[in-house]
Each structure stands twice: as structure tokens, then as C-alpha cells.
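Listed below are the residues making up each chain.
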Amino acid sequence: MKRTPLELAAIATAAVPGLQPTAVAASPDDATDFDAALLETADGRAWRIRCPRGTEASARLETEMTVLRAFDPAVRAELPFQMPAVAGTVRMDGLTTCVYTNLTGTVRDLDTLASGSDRLAREIGTTLAAIHGLPQELVDSADLPSYTANGFRQRRLNELDQAATTGKIPAVLLRRWEQAMEDVTLWRFNPTVVHGDLHEDNLLIDDDRVTAVTGWTDLRIGDPADDIAWLVGSNEPKFIDAVLAAYHEARKEPVDPQLARRAALAAEFALAQYLVKALALGDQEVARDAEAMLAELAADIEASEAAEAEAAVTSRDGVAGAGTEAPASEGGQPAAERPRTADPAPATDAIPLITDGRNG
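What counts and how
- Residues numbered from 1 in each chain as written.
- Predicted model: local features only at pLDDT ≥ 70, side-chain atom pairs only at ≥ 80, totals over all residues.
- Heavy atoms only, no water.
- Core = buried A, V, L, I, M, F, W, Y, C linked by side-chain atoms within 4.5 Å.
- Buried < 20%, exposed > 50% of the residue type's maximum accessible area, 1.4 Å probe, protein only.
- Helix = DSSP H or I, 4+ residues; strand = E, 2+ residues; numbered from the N terminus.
- Contact = heavy atoms within 4.5 Å.
- Salt bridge = Lys/Arg side-chain N within 4 Å of Asp/Glu carboxyl O.
- Polar contact = N/O pair within 3.5 Å; in protein donor to acceptor, adjacent residues only side chain to side chain.
- Pairing = 2+ DSSP bridges.
- Axes fitted to C-alpha atoms, helices over the stretch in contact; angles between N-to-C directions.
- Phe/Tyr/Trp six-rings, centres within 6.5 Å; stacked < 30°, edge-to-face > 60°.

Novice: Just checking my understanding: could you explain the nonpolar core for this structure?
Specialist: Nonpolar side chains in soluble globular proteins tend to end up buried together. Membership of the largest hydrophobic core comes to 52 residues, with the highest contact counts inside it found for Phe71, Trp216 and Phe239. Per-element accounting of this core gives the leading share, 7 residues, to helix α5 (residues 118–132). Excluding residues that lie within four positions of it along the chain, Phe239 makes contacts with Leu110, Leu113, Ala114, Ala121, Ile124, Leu231 and Ser234. Listed in part, the 30 residues of the second largest apolar core include Ala149, Leu271, Leu275 and Val276.

Novice: Whenever I open this one, the pattern of salt bridges confuses me. Can you help?
Specialist: Oppositely charged side chains may form a pair once their charged atoms are brought near each other. Under the criterion given, the structure shown has 19 salt bridges. Between Arg156 and Glu159 there is a salt bridge, with its nearest N and O atoms 2.7 Å apart. Residue Arg156 and its partner Glu159 are located together in helix α7 (residues 149–164), separated by 3 residues, close to a single helical turn. Salt bridges sharing partners connect three or more residues here, namely Asp33, Arg60, Asp197, Asp218 and Lys277.

Novice: I would appreciate a short explanation of the environment of Glu159 in the present structure.
Specialist: Glu159 gets classed as buried once you look at its relative accessible area, which sits at 16%. Distance in space between the C-alpha atoms of Glu159 and Val276 is 9.3 Å, their sequence separation being 117 residues. At a separation of 3.4 Å, a polar atom in the side chain of Glu159 contacts the side chain of Gln273.

Novice: I tried to follow the sheet that holds strand β4 (residues 85–92) on my own but got confused; where do I start?
Specialist: Whenever strands of a sheet pair, they do so through backbone hydrogen bonds, lying parallel or antiparallel. Taken together, 5 strands build an open sheet; the order of strands is β1-β2-β3-β5-β4 and the sheet is antiparallel. Because the sheet does not close on itself, it has two edges, and the strands there are β1 (21–26) and β4. Sheet twist, expressed as the mean angle between neighbouring strand axes with direction ignored, is 25°. Lying over the sheet, helix α1 (residues 5–15) contacts β1, β2 (34–41), β3 (46–52), β4 and β5 (95–101), oriented at roughly 130° with respect to β1.

Novice: What is the right way to look at the packing of aromatic side chains in this model?
Specialist: Ring pairs (aromatic) are described by centroid distance and by the angle formed between their planes. In the structure shown here, the tally under the stated rule is 6 aromatic pairs. With a centroid separation of 5.9 Å and an interplanar angle of 75°, the aromatic rings of Tyr147 and Phe152 are classed as edge-to-face. Take Tyr147: its relative accessible area is 22%, and that puts it in the partly exposed class. Residues Phe152 and Trp187 carry aromatic rings whose centres are separated by 6.4 Å and whose planes lie at 45° to one another, so their mutual orientation is tilted. Remark: Trp187 occurs in the loop between α8 (171–181) and β6 (192–194) and Phe152 occurs in helix α7; sequence separation between them is 35 residues. Here the two residues Phe152 and Trp187 agree in accessibility, since each one is buried. Following the ring pairs from residue to residue traces out a cluster consisting of Tyr147, Phe152, Trp187 and Phe189.

Here you go:
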């Protein structure tokens, strides 16, 4: 059941005794999992409430509370951004709702971020590097998921099998993703701490600075490409390149040559995850939205593969005809050319995507 901002404000007063909101507004969040709102009290303080829409989302909020407790003051002081603090919680119908003290900055949509300054792109890259540079003991001590590179690849294959059982994934996408996930050379990476639900709604920006990172419900050790996948949706190569350049500079580790390819794959596959989650929640409207985006992606890929095949044929024809004459037949006419077959396109072309799906 979707809750209005006014209903969320009433719930917040139960979570934080003495809280008396004087103003309330909707807050961006993953609509398949959470209802969220921003509150203001008479003393000028700001608060945020997140209310889960199902048991899985409630479990994620409980995980976030564990994560935020694990980030002691010494760890937080080393980060270039702020993290939220839980002001109070309340359980309703077996689900946990959280109220947080609000942080400095505002959410900006992806188009605004992509068209922003070079400084902002560098800030985002540095933020990603700081998250991926967190000590892995934080995740281990909180008993959160930890994957090796091959273990994570196997997890993706299992998720692909689950998506395939819906019967709603276009065949061209199933084939493309399976080929990529079975290509072991793509999955040679050093696992890092991963935020797991990073996207524009979980970044707070002020004056071209990333002031805070929120939404710590899916922290794990895994593939750093998962935290970069949301950038692919901007369809702005200059922005993506600037973020990744700052990221690699701040990481001070060998560059992962397949990072961008895995990020593009994760952005595509997020649509399948979006569909599976919608079907599990029985949200037919969201499921139809996911199916439409999958169909659009499949059409884009088929068009791209057809264009590459045509270009390959044209290129070979040009090479074959340069500086030579076609052999003549017995009647003096040019002999018919043999049909040519274009090479198959690589399984993981990093094509631009537009996706509203979220990981997790």
C-alpha cells in the first residue's frame, strides 16, 4: 500500500517521540520498495522517513541500521562525505520504518549531474573511490554478503536463470547476457566494498560537491562495477569518462580494464531485475513498464548488431575490390561473388542505455 507524505509524517511521530512536523514533502526513492518523505520541524531541523512496501525492503532497512552502526566516528571522519544517522524506528504490520536526521544537500536528477561541472564529475568519482576503499572488515563484522569474483559471476548466472523463467525477457537479451556471464575474462576483478544501491537519488549535492551518501541497505563485498552502472543511463560519454578518470586516480590501484563493460552489462541487466521484483510484488503496472524497456533495449541491440554486420560486409567488399579486378567468367562477364557472412558482434558491446531499473 502506497503511503502519502502526510501519512508518513504521522508514522514519523511514532518513531521519534516528541517529533512535531510543520511541513512535509515527498522524497525521491525506489518506488518499488519504499515510500519516503522529508519533514521539517518548528526548530528548523530536517528529517527523512523511509517506509518499506514489503518484507524484503524492511529487511534491507534493518541491514542499513546494522551498517550505520558499523561506521564508527573514526571511519566516518575519513570519508569525504557525510552518512545518515537513524533518529528512530517503528514496526508496523511486521515491517520496520526508519526516520533519519536529514543531511546537507539536495538530490539532482541524472541529466543534471551529467551536464554539471567537471568538478562535480570529479567529486562523484572520488566518492565512488572512497566507498570502494572502505576496509572489508566493516562488511565482515556486520555479517553481510561477501563474494569472490567467480562467486559473483555465478550469482548473476543464477539471477539470469530466474529472469528467464518469467518468459518475458527477449531472446536476444538472454543470449547476450548469457554469453557475457560465461566469458570468464570479463569477471577478473578484485572484489571491494560495494554500496550496492548507488544512484542519483542516494547522492546529496551542494555547490558541486557530494555532501552525503544515503541508502546503505545493500552493502556487500562484490563487483565495484555495480556502483558505476547507474552512470551508463546518462548516455553522456564525456561525463562517464570524467567520473571514471577521477575514480581511477583516487583508487591508486591497477585499472580494471573490464570495469566499464561490466558496468554497462549491469545497467542492462538491472531491467531484468526490475521486472523480476515487480512480478514478485504483484505490481503489474511496474512489470509492464519493465517489459516495455526490455523490448526497447532488445530492439536497440538488434539494430546495432545489424548495422555492425552491414558495415563489416561493406568493409570486406572494399578491401576485396581495391587494386584488383573481379575474375571473369567464360563469357567475359564478371563472375558472381560468393555470399559473405559478417562476424558476430561481441557479446558485451557497451551501448548507451536509458534505464529506470535499480539493482538489488
